[in-house]
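Okay, here's what each chain looks like letter by letter:
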Amino acid sequence: MPGSDDDPVSRGEQIDAAEREEAKRRLLVQAEAERIPVQETTRAVPDRRWRGEP
């Protein structure tokens, strides 16, 4: 009797995988939107504390 028992991956597992992929895609889109360009993160800021200046 053919049925879902013959499928190597159940329908529920397929749905879970699709939901995980969609969540991953949303996270990547959000991360890209919030990304700070490397030029802004590597800019040197003078810090005079280590030289003993007030």
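Above this text sits the structure in question.
Residues numbered from 1 in each chain as written. Predicted model: local features only at pLDDT ≥ 70, side-chain atom pairs only at ≥ 80, totals over all residues. Heavy atoms only, no water.

K.L.:
Even after reading the chapter, I still don't get the pattern of salt bridges, so can you show me in this structure?
P.N.:
Side chains that differ in sign of charge can pair as their charged atoms come close. Applying the stated criterion across every chain, the model contains four salt bridges. The salt bridge involving R26 is made with E22; its shortest N-O contact spans 3.8 Å. Of this pair, R26 and E22 both sit in helix α1 (residues 11-34), four residues apart, which is roughly one turn of the helix. What makes R26 partly exposed here is its relative accessible area of 47%. Look at the salt bridges and you will find they share partners, linking E22, R25 and R26 into a network. (Salt bridge = Lys/Arg side-chain N within 4 Å of Asp/Glu carboxyl O. Helix = DSSP H or I, 4+ residues; strand = E, 2+ residues; numbered from the N terminus. Buried < 20%, exposed > 50% of the residue type's maximum accessible area, 1.4 Å probe, protein only.)

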